[in-house]
Amino acid sequence: MNIYQDYLDNIQLAMRSGKKRKMYTESFDSFGGNIQKGLSAINLAQKISDDSLLPSLKELAKEIGSTPNFNQKLGLHPDFSHLKGTNDTEKHYIISTFIDIKKSTDLFKKYLPEAVLIVNDTIQKAAIHTCLIFGGYIHRLQGDGLFVYYGGKNVTKEEGVKQALLSTSLFSYFVKNDLKMVLSQDGIEDINTRIGIDLGHDDDVLWHNAGIGEISEVTTCSLHTSLAPKMQAFATSNGIVIGDHVKQEMKTDHDLITPVCHRTGNESDRYIFEIRDENFRYTQHDFDWLKFLKRQDFIITDKENRLSFQLPAPYEVRHSDNIRPIAIKSNPYYNF
């Protein structure tokens, strides 16, 4: 069972029913009726509930003991919501993650706007749901992508880093493999994701209220918050680039990390930021997320060389508000 299968089904349904210059009606029993050309995007998008994972991904959440928080509000991290509408500030570490989805505009070449909206919305929801499962806080939606915080007052930096790396690695696998397979059937080849992740320590991050009145959000003023989207711009197609602080919180797997300049051949790409007067240079690294996934205790490779997951030992996801214990089944296997 592919853990993103229900998301892929929704995308394929939109692709089949929303092709340009195609007037027909098809029946899809699993979605409860006929889908017609020009169908309201809202009607189909409602198949993905606002407060629930789709069944295939829900199995993963169940196995790792995670109950995603669907009550999050954009721009209002629960650990710092008390700053809303005030002039107060607070210093506290956070891991900033910028997930950008590229080339989605190519969908308009073949599909009606209603279908493009459904495809993009489903991909974005798959990203949101994956982040929520691993304790991410969705701070902001930016076009087809999203900006996510990991960590908080009840999560260690090491745990927050692992949550960020696990969720982004899984989503990268989904886009590079499952989504590519579905879209390529219609000749759509280039949609990919690029991700940047960085960690700002307590002294590096200032939480505050930005804006006025209800035109405001609780956000961070930090070099490392700003560097996360800059790093994604240096990532390869379906690649992840991380900052040096993230690397330092990883106790193992340093062999999966290489300075970006080793890939580009340009030594100037080694540092994402410099303050030469202070002799400060901050390194950015390519992260081999596929090898990282294969090293996880709950990851296996099947006979067809596809990644699958199992949970042979207890694993728990720590959220900023609480810790949820894991419930292990006897032999759980699911394909990515």
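Everything here concerns the structure above.
Residues numbered from 1 in each chain as written. Predicted model: local features only at pLDDT ≥ 70, side-chain atom pairs only at ≥ 80, totals over all residues. Heavy atoms only, no water.

Q: Looking at this model, I keep getting lost on the overall build of the protein chain. Mind explaining?
A: Check the secondary structure of the protein chain and you find nine helices and 18 strands. The buried share of the protein chain, reckoned over its 336 residues, is 53%. Long-range contacts, defined here as pairs at least 24 residues apart, represent 72% of the contacts in the protein chain between residues at least 6 apart. If you sum the accessible surface of the protein chain, you get close to 15400 Å²; carbon and sulfur atoms cover 47% of it. (Helix = DSSP H or I, 4+ residues; strand = E, 2+ residues; numbered from the N terminus. Buried < 20%, exposed > 50% of the residue type's maximum accessible area, 1.4 Å probe, protein only. Contact = heavy atoms within 4.5 Å. Areas by Shrake-Rupley, 256 points an atom, 1.4 Å probe, with all protein chains shown as cover.)

Q: Would you explain the layout of surface pockets in this entry?
A: Which parts of space are left empty comes out when a probe the size of a water molecule is rolled across the atoms. If you add up the space inside the second largest pocket, you get close to 310 Å³. Of all the secondary-structure elements, those providing two or more residues to the lining of the second largest pocket are α4 (113-133) and β5 (137-142). Per element, the largest residue contribution to the lining of the second largest pocket is six residues, and it comes from α4. (1 Å grid on protein atoms, 1.4 Å probe; cavity = no way out; pocket = protein on both sides within 12 Å on 5 of 7 lines; lining within 4 Å. Points joined across faces, edges and corners; volume = space filled by probe spheres on them.)

Q: Looking at this structure, how should I read empty space enclosed by the protein?
A: Applying the stated rule across the entire model yields two cavities of 30 Å³ or more. Together, Val175, Leu179, Lys180, Leu183, Ile188, Glu189, Asp190 and Ile191 line the second largest cavity. In terms of residue class, the lining of the second largest cavity is built from five nonpolar, no polar and three charged. (Nonpolar A, V, L, I, M, F, W, Y, C, P; charged D, E, K, R; others polar.)

Q: Please explain the sheet that holds strand β8 (residues 206-212) as it appears in this structure.
A: For sheets, the rule is that strands pair by backbone hydrogen bonds, running either parallel or antiparallel. With respect to topology, three strands assemble into an open sheet ordered β3-β8-β9, the strand pairing being antiparallel. Two strands lie at the open edges of the sheet, namely β3 (89-91) and β9 (215-221), each paired on one side alone. Here the strands of the sheet are splayed against their neighbours by 25° on average, with no regard to which way each runs. Where β3 lies against β8, three bridges are found, and the strand directions are antiparallel. Within β8, the position partnered with Glu90 by the bridge is Trp207. (Pairing = 2+ DSSP bridges. Axes fitted to C-alpha atoms, helices over the stretch in contact; angles between N-to-C directions.)

Q: Hey, could you run me through helix α6 (residues 223-232) in this one?
A: Given 3.6 residues per helical turn, the α-helix brings residues three or four places apart onto the same face. Looking only at α6, the buried set comprises His224, Thr225, Leu227, Ala228, Met231 and Gln232. Each buried residue of α6 lies within a common arc of 160° when the element is viewed along its axis, so the set occupies one face. One side-chain oxygen of the residue at the start of α6 lies 3.1 Å from the amide nitrogen of His224, identifying that residue as Ser222. (Arc of directions from axis to C-beta. Polar contact = N/O pair within 3.5 Å; in protein donor to acceptor, adjacent residues only side chain to side chain.)

Q: How should unusual backbone geometry be read in this particular structure?
A: Glycine aside, residues mostly have negative phi angles, and peptide bonds mostly take the trans form. Within the chain, Asn238 stands out as a residue other than glycine whose phi angle is a positive 60°. Tracing the backbone shows Asn238 in the loop between α6 and β10 (240-243). By relative accessible area, Asn238 is classed as buried at 9%. For Asn279, which is not glycine, the phi torsion reads 55° and is therefore positive. Assignment of secondary structure puts Asn279 in the loop between β12 (271-275) and β13 (280-287). On the accessibility criterion, Asn279 (60% relative accessible area) is exposed.

Q: What is the right way to look at the side chain of Ser216 in this model?
A: Of note, Ser216 is situated in strand β9. In this structure the side chain of Ser216 is engaged in a polar contact, spanning 2.5 Å, whose partner is the backbone oxygen of Gly213. For Ser216, the contacting residues outside a window of four places in its chain are Lys84, Asn209, Ala210 and Gly211.

Q: Where do I start with the pairing of β13 in this structure?
A: The side chains of a regular strand alternate between both faces of the sheet. Counting buried positions along β13 yields six of eight residues, so the element is predominantly enclosed. Inspection of the sheet shows β10 paired to β13 by four bridges, in the antiparallel sense. Paired with Ile242 across the two strands is His285, which belongs to β13. Here strand β11 (residues 257-259) pairs with β13 via three bridges, running antiparallel. Paired with Ile257 across the bridge in β13 is Phe287. Linkage of β12 to β13, two consecutive antiparallel strands, is achieved through a turn of four residues, within which Asn279 is found at a positive phi near 55°.

Honestly, that's just the spatial picture; any functional story needs more than this.
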